[in-house]
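Residues per chain are reported as follows:
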Amino acid sequence: KDSSKPAPGTDGEGGAAPSNGRIKIAVIPKGTTHEFWKSVHAGAVKASREVDVDIVWKGPLKEDDLKAQVDVVSTFVAQGVSGIVLAPLNDTALRAPVKQAAQAKIPVVVFDSDLQGDDHVSFVATDNVAAGKLAGDHVSKLLNDKGNVVVLRYQEGSASTQNREKGFLDAVKAKPGLKVVSDNQYGGATTESAFAKGESLLLAQKAETGAVNGIFTPNESTTFGMLLALRKSNMHKKMKFVGFDASDKLVGALKEGDVDGLVVQNPFNMGYLAVKTMADHLRGKKVDKRIDTGARLVTKDNLEDPAVKEVMQPDLKKWLGE
Amino acid sequence: MNALVVSAIEKSFGPVDVLRGVDLEVHGSEVHAVLGENGAGKSTLMRIVLGLEHADRGTMTVGGKPYAPRNPADARRAGVVMVPQERTLCPHLDVIENIVLGIEPSGPLGVLREKDAVAVATRALALVAGEGRIPIRARAGAMSVADQQLVEIARALAQGGESARVLVLDEPTASLGKSDADRLFERVRALKESGLAVVLVTHFLGDVRDHADRYTVLRDGKVQGSGDPKTAPPEQIVHEMLGRELESVRGEADAAKGGAGYRGEAPGGGAETLLELRTVAGVAKPRAASLTLKRGEILGIAGLVGSGRTELLRAILGLDRVKSGEVVVTAPRGMGLLSEDRGGEGLMLGRSIAENIALSPRGPLFVNPSHTRADGARWISELSVRSSGPDQRVGDLSGGNQQKVQIARLLREDFDVLLVDEPTRGIDVASKAQVLDLLRELAGKGKGIILVSSQLDELVSTCDRIAVLRRGELSASRPATEWDEEKLLLEAAS
Amino acid sequence: MSALASLRTMRRPAWLGPFVALLVVYTIFAIITPEHSFLRSQIFLTMARQSVVLAICALGMTLVIVTGGIDLSTGSLVALTTVVVAKMLKGGSSPVVAVATAVAVATAVGAFVGVCVGRFRLMPFVVTLGTMAVLRGSAIGLASEQKIDCDPRGLDHLLEASLSAPGIWIALALAALVAIVLGYTRFGRHVFAVGSNEAAARLCGIDAGRVKILVYAISSLLAGIAGVMEFSTLTVGDPTDSVGLELDVIAAVVIGGAPLAGGEGSVLGSVFGALLIIVIRTGAVHMGMPSWVQYIVTGVIIFVAVAVDSARRRRTRS
Amino acid sequence: MSALASLRTMRRPAWLGPFVALLVVYTIFAIITPEHSFLRSQIFLTMARQSVVLAICALGMTLVIVTGGIDLSTGSLVALTTVVVAKMLKGGSSPVVAVATAVAVATAVGAFVGVCVGRFRLMPFVVTLGTMAVLRGSAIGLASEQKIDCDPRGLDHLLEASLSAPGIWIALALAALVAIVLGYTRFGRHVFAVGSNEAAARLCGIDAGRVKILVYAISSLLAGIAGVMEFSTLTVGDPTDSVGLELDVIAAVVIGGAPLAGGEGSVLGSVFGALLIIVIRTGAVHMGMPSWVQYIVTGVIIFVAVAVDSARRRRTRS
Ligand SMILES: Nc1ncnc2c1ncn2[C@@H]1O[C@H](COP(=O)(O)OP(=O)(O)OP(=O)(O)O)[C@@H](O)[C@H]1O
Ligand SMILES: Nc1ncnc2c1ncn2[C@@H]1O[C@H](COP(=O)(O)OP(=O)(O)OP(=O)(O)O)[C@@H](O)[C@H]1O
Ligand SMILES: [Mg+2]
Ligand SMILES: [Mg+2]
């Protein structure tokens with residue numbers, strides 16, 4: 001498979017290509033190896049087939065590397081693609097390259113995280129603060145509004161996860177019975193670093209004595225790392241654990257009851273809508289400035305709902321050809 | 001029977017033809033001296049014999065069998081071992097570990113047998129250095145050059161073991177004192193009598209006369225002559241080496257007679273004092289050294305190996321810490337040191353001749369590489385450094401030519417006081433005479449020179465005054481006319 | 001007199017410095033953590049478990065650094081190993097086959113690096129810099145840019161914070177083995193000789209190229225085993241795992257008293273170095289220090305450990 | 001005859017290898033990209049812009065590596081500089097004051113490292129490993145674990161993909177300056193001498209400690225300037241920026257023909273090394289290669305560049 005080639009099935013069909021060649025859209029995620037981005041990719045491919053455009057999928061070389069992303073954007077601008085769909089790693093730093101794109105008459109649709117300024121055409125994303133609040137309310141409910149809560153943050157300076165952390169903390173702090181005993185530790189970019197941090201954090205907070213009642217983690221790698229830490233130290237099921245994002249392992253853990261809830265976004269839809277919006281714009285249709293893709297809380301109980309199922313297990317194979 | 005036969009060996013490094021068809025036959029039970037100017041190709045030939053380099057053409061046999069070593073391990077299996085010219089010990093390993101390197105006695109799975117190693121190594125050490133002369137657990141890197149040299153000879157003997165046929169010694173006595181050298185030659189005689197063939201590369205014609213059975217002279221990569229050193233007159237050997245007469249310069253041959261030695265023009269009491277030491281003591285050595293050095297004089301320092309001569313020079317220059325006493329420098333143009341360890345701290349082996357000569361803490365802020373190169377070329381011709389030009393890497397020069405580069409650097413700096421440590425170590429007779437004359441000439445121009453040398457004849461013939469260093473204590477200096485070699489040796493060893 | 005002299009020339013063991021540093025840092029943390037909770041045995045076991053990957057990698061890196069080399073590909077190799085194990089398990093292989101294959105792949109990579117360094121005399125820093133990129137790319141490609149999810153089939157029990165988990169004992173056994181090889185065999189002696197003065201080693205008939213090939217192969221084999229341990233922890237094959245691990249490993253070895261110039265080093269020192277790094281890391285989380293303070297503390301302690309060690313050396317020498 | 005001999009013995013300039021590698025790689029990309037779009041001038045300018053930070057850091061690293069040292073703190077220092085600039089701008093300072101302060105801070109850090117390496121003779125690898133952690137922590141702490149958002153007040157125009165942006169010219173001027181310092185001044189001589197044989201340099205009366213202090217200070221000053229350029233690109237102060245940049249920088253210098261053992265190196269070579277890395281990176285994006293292919297290509301090219309260079313060297317010598 002080769003995810004970077006123009007999406008299969010787009011060649012030779014239809015004659016809708018504009019006179020100056022086919023529409024080519026660069027899609028730039030924040031990284032490529034999290035399952036979240038896989039789903040986005042699948043959604044983008046689906047849209048590209050539906051609206052008959054070519055897409056190039058290209059993340060920064062290193063996961064979550066701001067400078068690398070700036071460079072990727074400017075390289076596409078220099079190359080002269082038809083449009084750019086971007087999940088900015090920072091709401092300010094990508095302003096300059098996006099402005100550059102605008103000057104070169106290359107429209108930009110921003111998705112996943114917001115970007116300041118108004119050089120972009122549309123913003124397609126989840127409301128992260130609200131999503132974090134969803135997790136906070138669920139933890140409060142599970143703990144009956146009292147107990148000690150721990151947050152293992154993701155990474156310094158990452159806006160979307162910081163919004164989720166903020167939403168969670170706002171919700172929890174609204175309940176006087178809930179106490180946040182640690183919220184200054186960062187799990188870092190990989191599962192392994194999140195795991196080591198989580199393990200040490202649990203020990204430091206004497207979680208095995210029941211001193212911790214609730215845990216929140218704001219993305220897939222921290223959630224999985226924390227899950228491993230809980231399992232390895234035999235503390236799973238002893239406290240309420242709500243994470244963010246989904247993967248096979250996390251869904252499995254949800255079924256087993258090791259995780260009590262996952263806030264999931266709809267990455268497939270996000271990728272789909274972002275590319276579709278861009279294509280619409282390029283073809284002269286009017287598009288909305290803000291498009292919400294929604295987030296929902298998944299628990300053991302609603303796991304089998306068809307709506308949830310579709311969000312949780314989009315058919316990646318069909319779109320990515322794996 | 002011929003132990004080692006080398007025929008028609010050719011070797012070039014890039015454009016430089018180093019060996020141009022060399023033939024050499026070494027019999028069992030003989031000491032065969034290989035002589036020649038610096039850069040004649042002696043070391044290169046020996047490295048080929050040991051499998052460290054590979055000849056472009058030519059063949060060799062050992063004990064009658066064809067011999068083409070790919071590496072030193074092959075050579076050792078054929079019974080050929082060598083003490084190379086440059087120091088090659090592992091500085092982090094101790095004496096024992098260095099001696100048994102590559103032949104470590106070991107049991108199953110390569111587990112070391114420490115006791116056997118100690119036995120093998122101490123036996124070899126005792127042969128070259130006598131019992132207890134060298135601490136067997138000292139790290140090689142922390143030992144003096146002389147001690148390292150002895151360890152290396154011991155290593156060659158140990159490596160050869162019982163099956164050794166050929167022992168190559170490339171300038172083994174260049175950094176040894178007289179007693180160590182004597183013991184070494186005693187050893188060499190015993191080995192020879194037991195049937196070994198010894199190839200001795202040296203610049204000491206006296207040693208050749210006393211200890212070698214035959215000699216072969218190399219010049220410009222070709223054999224120029226051979227014979228019996230006991231009957232061949234030294235003038236003839238020198239002529240074969242140089243291709244010209246050694247007239248104006250004093251060779252080793254007549255320097256020993258004290259013939260052209262410089263005498264009696266020591267500067268008067270009125271000459272300007274350049275340097276004064278007042279009971280200077282270093283961390284270990286020297287312990288109490290006082291001396292004065294005046295413009296235009298050469299002060300010789302004699303002493304046995306390990307007496308602290310090098311430390312004294314380093315203390316004067318401020319390279320080692322001075323614990324007590326005072327070094328008063330009144331020389332307006334400062335002091336420079338010629339190191340005895342040219343590879344270790346004397347030269348930048350990886351850089352060009354010109355850059356080495358130009359190395360200086362002073363000078364204009366901006367430098368011009370082409371001037372540097374021109375300057376280098378001038379010094380190369382001035383001191384007749386055998387090289388392919390000022391851009392050649394110093395590491396690719398022969399030992400003697402490296403020494404000349406080091407001297408050129410000092411001369412270029414135009415210091416008032418020169419501290420020279422073993423300036424003639426490893427250089428050929430002609431260059432040696434040239435260097436000593438140069439020192440004399442510099443003194444004549446008003447420099448002050450402190451000359452450290454293990455060659456007592458050199459001291460007697462070159463210096464104005466000589467002081468003796470004995471276990472860190474410096475005697476008062478006396479005019480050179482009052483010394484001769486025996487007196488110096490007696491004083492140093494007493 | 002001679003006894004005294006021999007005492008003075010006796011070499012101070014190289015691991016003493018890092019050992020003292022470890023003790024001091026541990027004691028400080030034990031004192032300042034609230035209720036001395038740092039002394040709990042569970043903490044101890046957790047730190048032991050966390051050290052396993054770092055320490056096993058440090059064993060191999062010690063050999064490499066003693067020869068005067070360096071290996072920047074360790075982190076990528078560990079990640080690749082987790083991917084290979086996961087991929088094989090997912091493909092239905094038995095855990096034994098999966099582990100054996102992954103370790104064999106790692107060893108082959110090391111042998112390749114060794115040939116480049118030992119036979120073709122390429123600079124180890126550059127060779128392994130290139131290898132690092134190639135291995136990272138291979139891991140990501142092999143895993144199709146994703147974590148590989150699979151049933152760990154018991155491999156997850158290899159390494160746990162418990163005395164009964166084999167991982168910690170395997171690490172100890174490997175450390176003992178490498179220490180014996182380095183200190184008491186001909187091969188070990190040759191490793192030191194090559195690092196100390198390669199020309200001298202060659203002159204004595206040692207095949208320096210062969211020594212290096214073996215050293216890099218062993219080092220990568222150990223990294224492969226560390227990768228299996230990492231998989232045991234993660235239970236997934238993670239191609240983005242262990243980015244920058246090599247710097248921690250090198251830091252451990254250097255703190256352990258092995259200069260990068262080669263010729264010196266001790267297995268015990270490196271193990272203490274690895275433990276020191278983990279103690280600092282765990283202690284910092286334990287104290288609830290913000291992450292930026294953790295960075296600073298780690299940096300300062302690396303610094304102080306080496307400064308003190310260097311001061312001690314200088315004192316001993318003069 | 002003598003002219004011919006001198007031609008043959010004339011040393012091949014060290015930058016020739018990386019230059020040829022750069023040409024070859026560029027040509028390959030130009031040929032295989034669809035519609036040869038790699039030849040567009042805009043791409044050229046974009047690559048020039050992207051190279052600026054790497055190249056400026058490589059200038060300083062060249063000095064450090066020529067002295068036989070290494071500096072692992074470059075990435076952290078660049079990140080810290082962006083944070084300092086952003087913080088000062090946010091606090092209301094003028095751009096000139098902000099830049100001056102940030103560069104001064106960087107230089108001071110370098111001088112400190114230089115004192116540790118030059119005066120206290122600590123190993124540069126370890127000193128800068130510690131510094132790397134401390135600086136990263138300081139950057140995160142200073143930025144309160146956030147990216148610092150501020151009005152760039154024109155600093156964002158410093159570096160753009162246009163011929164009128166001063167950034168590219170500043171980089172070129174700095175390269176020329178450092179090349180002159182290294183090749184045509186007494187200080188440059190001393191830098192080579194210290195790296196080639198420190199004992200010899202000391203013996204000649206060169207204050208090797210002072211040379212190193214200056215070298216690390218200059219190198220960090222340049223990293224500071226690179227950090228300002230990075231800020232100009234990012235327009236925010238990012239404490240997590242440039243993780244691992246130092247490895248790219250070292251790779252550039254080593255590809256540029258400077259062995260880590262010191263004593264050799266050329267500014268031009270390092271600049272070509274930096275350009276090569278950027279061309280590979282841009283070309284890969286251009287070709288739409290997935291990131292794992294990009295990793296592998298980068299690794300292989302590092303590898304080939306150095307293997308070819310080494311083969312050439314060996315041929316020249318014999
Ligand atoms: N690796 C090399 N590359 C280039 N030239 C070399 C190399 N090794 C030796 N040479 C050259 O070969 C010539 C012979 O050197 P060699 O060391 O054999 O001389 P030598 O007779 O031992 O001199 P000395 O008495 O000074 O030790 C010298 O001119 C030297 O510059
Ligand atoms: N770094 C060192 N550590 C310990 N001992 C040393 C060190 N350097 C030298 N020595 C010892 O100090 C003694 C004096 O050595 P030094 O080389 O100064 O003697 P020397 O009189 O100059 O003789 P030569 O120059 O002929 O070797 C030697 O016996 C040596 O063992
Ligand atoms: Mg020689
Ligand atoms: Mg001496």
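Just so you know, the residues in each chain are numbered from 1, in the order the chain's sequence is written. To label them, take the chains in the order written and letter them from A, then take the ligands in the order written and number them from 1. It should be noted that, the model being predicted, local features are given only for residues of pLDDT at least 70 and side-chain atom pairs only at 80 or more, the latter also being counted only at that level, while totals for whole chains, interfaces and linings use all residues. Side-chain metrics rest on all non-hydrogen atoms present in the structure, leaving aside hydrogens and water.

A. Quick peek at the relation of the copies chain D and chain C. Residues below a pLDDT of 70 in either copy are left out; the C-alpha atoms of the rest, at least 70 in both, set the least-squares superposition of the copies. Rotating chain D by 180 degrees about the axis while translating it 0.1 Å along that axis superimposes it on chain C, leaving an RMSD of 0.2 Å. When the rotation and shift are considered jointly, the pair of chain copies conforms to a two-fold rotation axis. For chain D, the minimum C-alpha distance to the rotation axis belongs to G244 of chain D and amounts to 4.0 Å. Any pair of residues with heavy atoms lying within 4.5 Å of one another is described as a contacting pair. The overlap is high: 100% of the interface residues of chain D also sit at the interface in chain C, so the same surface is used on both sides.

B. Focus on the interface of chain D and chain A. Each partner contributes residues to the interface: chain D has 35 residues there, and chain A has 31 residues. Interface of chain D and chain A: buried area, both sides summed, is about 2,800 Å²; carbon and sulfur atoms make up 50% of it. Any carboxyl oxygen of Asp or Glu within 4 Å of a side-chain nitrogen of Lys or Arg constitutes a salt bridge here. Between the two partners, chain D and chain A, sit 2 salt bridges. The salt bridge involving R49 of chain D is made with D71 of chain A; its shortest N-O contact spans 3.2 Å. Here a polar contact is taken to be a pair of N or O atoms separated by no more than 3.5 Å, where protein atoms must pair a possible hydrogen donor with a possible acceptor and residues adjacent in sequence count only if both atoms sit in side chains. Linking chain D with chain A are 9 residue pairs in polar contact (both at pLDDT 80 or more), by the criterion used here. Sort the elements by how many residues they give to the side of chain D that touches chain A and helix α3 (residues 41-66) of chain D lands first, with 6 residues. Any residue outside Ala, Val, Leu, Ile, Met, Phe, Trp, Tyr, Cys, Pro, Asp, Glu, Lys and Arg is labelled polar, Gly included; the first ten of those are nonpolar and the last four are charged. In terms of residue class, the side of chain D that touches chain A is made up of 12 nonpolar, 14 polar and 9 charged. Accessible area that two parts lose when put together, with a 1.4 Å probe and added across both, is what the buried area reports. Helical segments are the DSSP runs of H or I of at least four residues, strand segments are the runs of E of at least two, and each set is numbered from the N terminus.

C. Broad picture of the coordination of the magnesium ion (ligand 4). For the magnesium ion (ligand 4), the full set of protein donor atoms is T310 of chain B (OG1), E340 of chain B (OE) and E340 of chain B (OE), at a range of 1.8 to 2.8 Å. Here E340 of chain B lies in the loop between β15 (335-338) and α11 (342-346) and T310 of chain B lies in helix α10 (residues 309-317), a separation of 30 residues in the sequence. Coordinating donors are taken to be N, O and S atoms lying within 2.8 Å of the metal, or within 3.2 Å when the metal is Na, K or Ca; because water is excluded from the atom set, some sites may appear incomplete.

D. Layout of helix α5 (residues 95-118) of chain C. Multiplying one less than the number of residues by 1.5 Å gives the expected span of a helix. Taking 1.5 Å of rise per residue, the 24 residues of α5 of chain C would be expected to cover 34 Å, and the 34 Å separating its terminal C-alpha atoms lies within 8% of that figure. Here the term buried applies to any residue with accessible area under 20% of the maximum for its type, exposed to any over 50%, and partly exposed to those in between, with areas from a 1.4 Å probe on protein chains only. Of all the residues in α5 of chain C, the buried ones are A98, A102, V103, A106, V109, G110, V113, G114, C116, V117 and G118 of chain C.

E. Molecular detail of the site of ligand 1. Residue and element names in this part refer to chain B. The local shell around ligand 1 holds 19 residues, among which K42, S43, T44, D396 and G400 are the closest. One nitrogen or oxygen atom from the side chain of S43 is found 2.6 Å from an oxygen atom belonging to ligand 1. Residue D396 places a main-chain N or O atom 2.7 Å away from an oxygen atom belonging to ligand 1. In isolation ligand 1 offers 640 Å² of accessible surface; the protein chains occlude 88% of this area. When residues of the shell around ligand 1 are traced back to their parent elements, those giving at least two are α1 (42-49) and α14 (399-413). With 3 residues, the single largest contributor to the shell around ligand 1 is α1. Split into classes, the residues belonging to the shell around ligand 1 amount to 4 nonpolar, 11 polar and 4 charged. Start and end points for every domain follow an automatic or database-based domain assignment. Here the shell around ligand 1 spans two domains, and each of domain 1 (2-242) and domain 2 (254-493) adds at least three residues to it. Near is defined per residue: the residue qualifies when any heavy atom it owns lies within 4 Å of the molecule or strand. Per-residue and other accessible areas follow the Shrake-Rupley method at a 1.4 Å probe size, with only the shown protein chains counted as cover for residues.

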